[in-house]
Structures are given as C-alpha cells and as structure tokens.
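# Understanding the architecture of this molecule
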Amino acid sequence: MSDSKTYPIKQFSTHTPHIDEEKYLRMYQQSVQEPEKFWSRMAHEFIDWFEPWKTVKNVDYKTASIKWFEGGKLNVSYNCIDRHLKDKADHTAIIWEGDEPDQQRYISYQELHDEVCKMANALKSRGVKKGDRVCIYMPMIPEVGFAMLACARIGAIHSVVFGGFSPEALKSRILDSDCRVVITADAGVRGGKTVPLKANTDKALQHCPDVHSVFVVKHRLADIDWHAERDIDYNELKKEMESECPVETMDAEDPLFILYTSGSTGKPKGVLHTSGGYLLHVAMTHKYIFDYHDGDIYWCTADAGWITGHSYIFYGPLANGATTLVFEGVPSYPTPSRFWQVVDKHKVNIFYTAPTAIRALMAVGDDAVKSTSRKSLRLLGSVGEPINVEAWEWYYKVVGDERCPIVDTWWQTETGGILISPLPGATPLKPGSATRPFFGVQPAILDQDGNELDGKASGYLVMKDSWPGQMRSVYGDHDRFFQTYFSQYSGYYFTGDGANRDEDGYYWITGRVDDVLNVSGHRMGTAEVENALDLHPLVAESAVVGYPHDIKGQGIYAFVIFKNGVEFNDEIKQQLIDIITEEIGPIAKPDKIQWAPDLPKTRSGKIMRRILRKIAENQVDSIGDTSTLADPSVVQHLIDNRLH
Ligand code: ATP
Ligand code: MG
C-alpha cells in the first residue's frame, strides 16, 4: 500500500476546479475547528430556506440523538426544482436513456416541475398527507424521480424498493414502514428482459391489507391484472391533475425518506434520513467531489433503489440544477459498448459507476471501449466496494484515456452522502484508496479495544463526530439505531468497515467487519440467504459465505445440512434455488451448494465462518486454529467434499 503508485493532480483543459489542494486543507481545517460557522456558511450557499434555523448542530452520540439546522424551514422539492425555474426552465433536468438504444426522453426543469406537481396532486387526491409513507417500486424511468420529488413536495416520506426485489422482499418493506400507497409500473425491462413489477406488487399486497391505492405508470403496455378498488391508471389520472402544487413547509429535521439496507442480520434496517442536513450534504458533495460545473452532463449508473441513486442521481444533482442522466438498461446490452455509446450520444462529462460493472466490462476486453470516442468525459467515479488496483488502472487508462481523475468514493446508506473521497483538483490519487475525508468528516481508526490509533494504522473505521447527511434513526426502532452504530465504541459512529491509514493520511477501506455478500454490486446479508434456505422443509441448517468471483465480485457458496438421512440430489438443489428466487430474488441464487453433515461450530454454538470462507475460497491450507471447535472432525469432511 505504501509503495503504491501515486497519480498527480491533473489540470483540466476546460476550467479550473472548484477546490485546489491549498483550499481543501484550509476549508477542511475550518470545517472541523469551527463546524458551526462552516456549516452555517454552506447551508446559506447551497440551500434556499423559507426560515433560518435556530441551532446549526445538536448531536449526542451517547444517546444517538442527531439534529442539524433545527427550526430551519425548507422544502427539498422546491430546492431541486422551483428555484431553478427563474433561469433554467428550459434547461434539461433529466435525460432518460431507455433499455434500447433508440429510446430517449429529455425533461426540462419546467417539465419536471409540472410532472412532479401532477404526481403530488394525485397523491393528495388519494389522501396522502405530510408524514405518510409511500412505497415506490419502479423501473429506471423519469417517473421514479417524479414520485420521489412529489413525496418531498407534500411532506410524505418515500420508501423506494429496488425493482429487482421479489414480492416477499417488497411485502416486508411495505409492512415495516406501514406504507398505504404504492407507486409502481406495469412492468420494467432490463437488458431486453421484462420485470413484472405490477404482478410482483399484486403478490406482495396479498399480505398488505392496509394499502388502499396503487398508482400504475403504464410503461410497457404489459398485460396485467387489475384490482379496480385499489389500482389507479396513473397515465389517466394525470390528465385531470393541475400542474401547480404548493410546497409543504418542512422543518430541517422532518423525515425525507426511508431506505432499507441489505440487512446482514436478517431483518433489513429502515434507514431514516431527514430534509435539511441531507440535502446540504448531497448538494455539496455533488458539486465538489464531482467538480460539477454549470452545463455539465452528469451520469450516475446506480439504481434509484439504492442510496447512490437517491443522493447522486436525483437529490444532489437536481439541487445543483444539473442535467442528470437516468439509464434504464444494463452495461452489456445490446453490446458491452453500451455505457460508452451512451456517453458519446449524450456527451457525458462526469461518469459514476461501481467496481462490479468496471470488472465485468474489463473482462470483455478493450475493443468494446476503444471503438467509442469518450472525448466528452472529464471525471470518473467509483462506489460500492473497494476497487481493486487492476480495475482502477483499467478504468483510468482504457476508459478515461489517462485524462480523467477517478474519485473513489467511500460512503454508506447510513451516511447519506460521500464521506471519504478524492477531490479532483486537490488530491493526488492512489489506486485503491478512497484517500481523504470530505469537509467536516472526522474518521478515526480504532483497535479491538476501542483505542484510537495514530498515524499509519489498521483497524475499525469510525467517525468521531456527526456530519449533516448522517442518518437519524432506524425507522420505528431507535434503540436498534443506537445498538447498531453507537454501542460498540462509546462516543463514536461505528461504520462496520475495516480500514488502513497510510503515512500520507490516506484511507484504504478493507471491507466490512461483519458478513455481507456483495454480488454484482447487490448487497445482501448472509443471514438473509440462510433464512431463505432454512425455509425448505428438509433443511436443518445452512451457512452462506462469499468467495471471490471474477465477474460478480463475490459468488455465493452455501453449506446445507439436511434433516436426518436425507440425501442431496438435483431435485432438492433446484427447490433450494427456487426458494431463494422467491424469497429474495434471482440475484441471491447460490453459485455452489455443498451438502454438509455438520457445520464447524464453537462451543457456544456459533458457526465459525472464517473456516467456511477458507473452504469456499479453496484455501484449505490456511484454515488455521480449529481447537475451539466443538467437533473439529467436521472440518475434514467439508474439505474433502468441497466444490471446485
Ligand atoms: P447493510 O448495512 O445492510 O449490511 P450494506 O452496507 O451492504 O448494507 P450500503 O450502505 O449500500 O449497504 O454499502 C455501504 C458499504 O459499501 C460500506 O460500508 C463499504 O463496506 C462498502 N463501500 C462503499 N463504497 C466503497 C468504496 N469506495 N470503497 C470501499 N468500500 C466501499
Ligand atoms: Mg452497511
């Protein structure tokens, strides 16, 4: 890590970056030494307030009480739309690129305003009020953004559920936050394959008796069932709606949305974000980290169902009056040149994607990239997991032609926006490092016992103080919020990630401390997959671990114990795969399923996952100490029968 290559700061030929090295250091100092003054200045600069706040910051990590800009009044939809109408009504707010290369829409800020107002009025016509929760289960079409902003406009709290999730996953999220209205589409399409969103919704709602209204956006003209008492053809309803809707005045601390994490312990957490601090954080990071300038075409390839889609497709860019690209498809369809063709077609300047996509495209070869121009690109971004050096170099050299800095952005659903990242005009780059903290962010590295380590160090990544975009609670379960993030090390926010810090103060994220799978950028807890496997009537117990997979980042390896005497066969294997598809979605299908007579457990009955991981990784020579196992002999059987 210390002898890794450093890439010096690049000069852009087109303009001077917002922040240079000297300015970064100066602003960073101020942000941590005089946080109230710093954030107050930023909040005035980035956001239009109806009324000023009373206190900038009121945070107590001992009780997990986090408040920013209390008493300040604003509306997020106003900040993302209305205030831009004065001089940007005709500017493109959203470029939509469909699954097929000949499909596109351009939505101006005026059109965005009208669409959002109609959707907001439609929600009001079904009785939705400030504080009500609305579930959004949509494909990647502009309407997903309209729906989010419509909720924000009237003070409703949205909960976007990723369109790739199964009816079961949708159901549990609807019930957990008691959503009474669902906004969906007849169907979606990704890479030429239909996603039956309405049919999935119908299935989920069999168990959600309180949902009284389902808005259906007709996108694919798919054949769907219709429940007249509940379903609303949104395309029809829209015709009757006014294109003006006054904005609700919200407190900075009023909730903006709930977003469920992948849930490493089984039940996903409903991460709650509020209005003022969140918007400030995403607007500011979008401007400085992506070095966004007026007129830039900006593209983040995430799905709206993840936090990256919330913060860096919609809220951050729109707060800054940017043009943001919404892509319905996948990188490999119809050909592996698609990303770069879209870049050329829309003259994209800033491009933000995930390492899993980069690795998949890298595996296809350079020709698919080199056959395109990519001249418009100025900056590349990465998010979601550590980017390996090989992928970083390829992204830099082949995609960016050694012209574009890469911002490797580290953050979490919980953090609302980016916390650790290079700034293109201020930070020399080291491939594989997320580099230095953003303004106001104070990371620290702790050892096992909670001691803060100085200088070059390796340990648990925590934050010493709050930043405006930090989550405020787990919806409906504040104690879980405290327990999950603030109980391990008193006075710190615990990220759950491990990190190294080098002699230059750069951070290198080593991955999560607990067990979460990351399959092609889709995260899920091992416990969630195990819970599904365990539903099979013949399964006694299961344990799931990830193993390195060239394309997917991680593959899923499942160890399954059957109830007495049952023999593993292809029929049962298929049933297990079907259960997982049903419960979680096709993305969670195990790549390998090994039958096990028993699992390596500690005396207290906990499965020793590090052993299973070694077996799944085929590194059986480094299994290490097995002396604390209740029955060490089970390990040999697993080794002898491993699947490779
Ligand atoms: P859950 O909290 O339910 O387990 P999750 O942590 O998988 O879900 P996210 O909030 O989307 O869901 O992901 C945040 C995590 O992704 C970080 O904690 C980190 O492990 C990883 N991550 C994100 N960006 C980077 C990055 N640039 N470098 C390294 N790791 C990253
Ligand atoms: Mg997490």
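Residues numbered from 1 in each chain as written. Chains lettered and ligands numbered in written order. Predicted model: local features only at pLDDT ≥ 70, side-chain atom pairs only at ≥ 80, totals over all residues. Heavy atoms only, no water.

Per an unreviewed UniProt entry, the recorded name for the chain is Acetyl-coenzyme A synthetase, and the organism is Kangiella aquimarina. What UniProt records for the chain under Catalytic activity (unreviewed entry) is the sentence "acetate + ATP + CoA = acetyl-CoA + AMP + diphosphate". Recorded in UniProt for the chain, the comment headed Cofactor (unreviewed entry) runs: "Mg(2+)". (UniProt positions renumbered as here; feature names shortened; annotations may be inferred.)

## Topic: the overall build of the chain
A tally of helices and strands in the chain yields 20 helices and 31 strands. Relative to a compact globule of 644 residues, whose C-alpha radius of gyration would be 26 Å, the chain shows 24 Å and is just as compact. Along the first, second and third principal axes, the C-alpha atoms of the chain reach 75 × 65 × 55 Å. Here the chain holds 644 residues, and 61% of them are scored as buried. Look at the contacts in the chain between residues 6 or more apart in sequence, and 72% of them connect residues 24 or more apart. For the chain, the exposed surface amounts to about 24200 Å²; the carbon and sulfur share of it is 48%. Charge-centre separation for the chain: the mean point of 69 positive side chains lies 2 Å from the mean point of 88 negative side chains. (Helix = DSSP H or I, 4+ residues; strand = E, 2+ residues; numbered from the N terminus. Rg over C-alpha atoms; globule rule 2.2 N^0.38 Å. Buried < 20%, exposed > 50% of the residue type's maximum accessible area, 1.4 Å probe, protein only. Contact = heavy atoms within 4.5 Å. Areas by Shrake-Rupley, 256 points an atom, 1.4 Å probe, with all protein chains shown as cover. Lys, Arg positive; Asp, Glu negative; His and termini not counted. Charge placed at Lys NZ, Arg CZ, Asp CG, Glu CD.)

## Comments concerning the sheet that holds strand E5 (residues 104-108)
Spatially, seven strands are ordered E5-E4-E17-E16-E18-E19-E20 in an open sheet, and the strand pairing comes out mixed. Each edge of the open sheet is held by one strand with a lone partner, namely E5 and strand E20 (406-409). Recorded for the sheet is a direction-independent mean angle of 20° between the axes of neighbouring strands. Two elements, strand E18 (residues 350-353) and strand E19 (residues 379-383), share four bridges in a ladder whose sense is parallel. Looking at E19, one finds that Phe351 is bridged to Leu380. (Pairing = 2+ DSSP bridges. Axes fitted to C-alpha atoms, helices over the stretch in contact; angles between N-to-C directions.)

## Looking at the packing of helix H2 (residues 35-46) against helix H10 (residues 276-289)
Running from amino to carboxyl end, H2 crosses H10 at an angle of 80°, the nearest separation of the two axes being 10 Å. Between H2 and H10, the crossing angle belongs to the class labelled roughly perpendicular. Only Leu280, Ala283, Met284, Lys287 and Tyr288 of H10 make contact with H2, whose side of the interface consists of Phe38, Trp39, Met42, Ala43, Glu45 and Phe46. Residues of the contact of H2 with H10, tallied by class, amount to nine nonpolar, no polar and two charged. (Parallel < 35°, antiparallel > 145°, perpendicular 65-115°, else oblique. Nonpolar A, V, L, I, M, F, W, Y, C, P; charged D, E, K, R; others polar.)

## Topic: helix H17 (residues 526-533)
Extensive coverage of H17 is indicated by the burial of seven of its eight residues. Here H17 has its buried residues at Thr526, Ala527, Glu528, Val529, Glu530, Ala532 and Leu533.

## What about the environment of His44?
Mapped onto the fold, His44 is located in helix H2. Overall, the relative accessible area of 54% leaves His44 in the exposed class.

## Looking at the nonpolar core
Of all hydrophobic cores here, the largest spans 138 residues; its most connected members are Leu112, Tyr315 and Phe439. With near-sequence residues (within four places) excluded, Leu112 lies in contact with Ile81, Ala93, Ile94, Ile107, Phe146, Leu149 and Leu318. Membership of the second largest hydrophobic core comes to 30 residues, among which are Leu325, Val348, Ala391 and Tyr395. (Core = buried A, V, L, I, M, F, W, Y, C linked by side-chain atoms within 4.5 Å.)

## A closer look at the pattern of salt bridges
In the structure shown here, the tally under the stated rule is 37 salt bridges. Close ionic contact of Arg338 with Glu97 constitutes a salt bridge, the shortest N to O distance being 2.6 Å. Separated by 241 residues along the polypeptide, Arg338 in helix H12 (residues 338-346) and Glu97 in strand E4 (residues 92-97) bring together distant segments of the chain. Glu97 sits in the buried class, given a relative accessible area of 1%. Put simply, Lys198, Asp202, Arg230 and Asp231 are held in one network by salt bridges that share partners. (Salt bridge = Lys/Arg side-chain N within 4 Å of Asp/Glu carboxyl O.)

## Focus on the sheet that holds strand E15 (residues 270-274)
Spatial strand order, E12-E11-E8-E6-E7-E14-E15-E24: eight strands in an open sheet with mixed pairing. Among the strands making up the open sheet, the edge pair consists of strand E12 (231-233) and strand E24 (473-474). Looking at chain direction, strand E6 (residues 133-137) and strand E7 (residues 157-160) are connected through four bridges and run parallel. By the bridge assignment, Cys135 is partnered in E7 with Ser159. Along the sheet, helix H7 (residues 167-176) makes contact with E6, strand E8 (181-185) and strand E14 (255-260), crossing E6 at roughly 165°.

## Description of the packing of aromatic side chains
Think of a pair of aromatic rings as described by two things: how far the centres are apart, and how the planes are tilted against each other in angle. Counted according to the given criterion, the structure contains 47 aromatic pairs. Ring plane angle 85° and centroid distance 5.1 Å describe the contact between Phe257 and Tyr278, whose orientation is recorded as edge-to-face. With Phe257 in strand E14 and Tyr278 in helix H10, this pair connects stretches of sequence that are 21 residues apart. Assessed through its relative accessible area of 0%, Phe257 is described here as buried. (Phe/Tyr/Trp six-rings, centres within 6.5 Å; stacked < 30°, edge-to-face > 60°.)

## What to know about the pairing of E5
Of the pairings in the sheet, the one linking E4 to E5 comprises five bridges and is antiparallel in character. Residue pairing for E5: Thr92 is matched across the bridge by Ser108.

## A closer look at the packing of H7 against helix H8 (residues 197-205)
Interhelical geometry of H7 versus H8 gives an angle of 55° and a closest axis separation of 8 Å. Viewed along their axes, H7 and H8 adopt a mutual orientation that is oblique. Read as a crossing pair, H7 and H8 show a hand that is right-handed. Contacts between H7 and H8 involve Pro167, Leu170, Lys171 and Ile174 from the first element and Asn200, Thr201, Lys203, Ala204 and Leu205 from the second. Tallied by class, the residues present in the contact of H7 with H8 amount to five nonpolar, two polar and two charged. (Left-handed = near helix turned anticlockwise from the far one by under 90°.)

## Quick look at unusual backbone geometry
Residue Tyr333 is joined to Pro334 through a cis peptide bond whose omega torsion reads -5°. Note that Pro334 resides in the loop between strand E17 (323-327) and H12. With a phi angle near 60°, Phe69 is a residue other than glycine that sits in the positive phi range. Here Phe69 lies in strand E2 (residues 65-70).

## Topic: the side chain of Ser275
Among the secondary structure elements, Ser275 is positioned in the loop between E15 and H10. The contact partners of Ser275, leaving out residues within four places of it in the chain, are Leu74, Val76, Asp251, Ala252, Asp254, Pro255 and Leu256.

## Quick notes on the confidence of the model for the chain
Do not read the predicted coordinates in detail wherever pLDDT is low. Per-residue pLDDT for the chain has a mean of 93; in total, 97% of the residues score no lower than 70. Across the interface, the model reports ipTM at 0.99; the global pTM reads 0.86. (pLDDT = per-residue confidence, 0-100.)

## Side note on helix H1 (residues 21-33)
For an α-helix, 3.6 residues make a turn, and residues three or four places apart therefore share a direction. Spanning 13 residues, H1 covers 18 Å between terminal C-alpha atoms, matching the ideal 18 Å at 1.5 Å per step. Contact partners of the buried residues in H1: H2, H10 and strand E21 (443-446). (Expected span 1.5 Å × (residues − 1).)

## A few points about the environment of Val59
Mapped onto the elements of the fold, Val59 is located in strand E1 (residues 55-60). Given the relative accessible area of 25%, Val59 is considered partly exposed. Considering only alpha carbons, one finds Val59 and Trp467, 408 residues apart in sequence, at a separation of 9.6 Å. Setting aside anything within four residues of it in sequence, one finds Val59 in contact with Ser65, Ile66, Lys67, Trp68 and Ser466.

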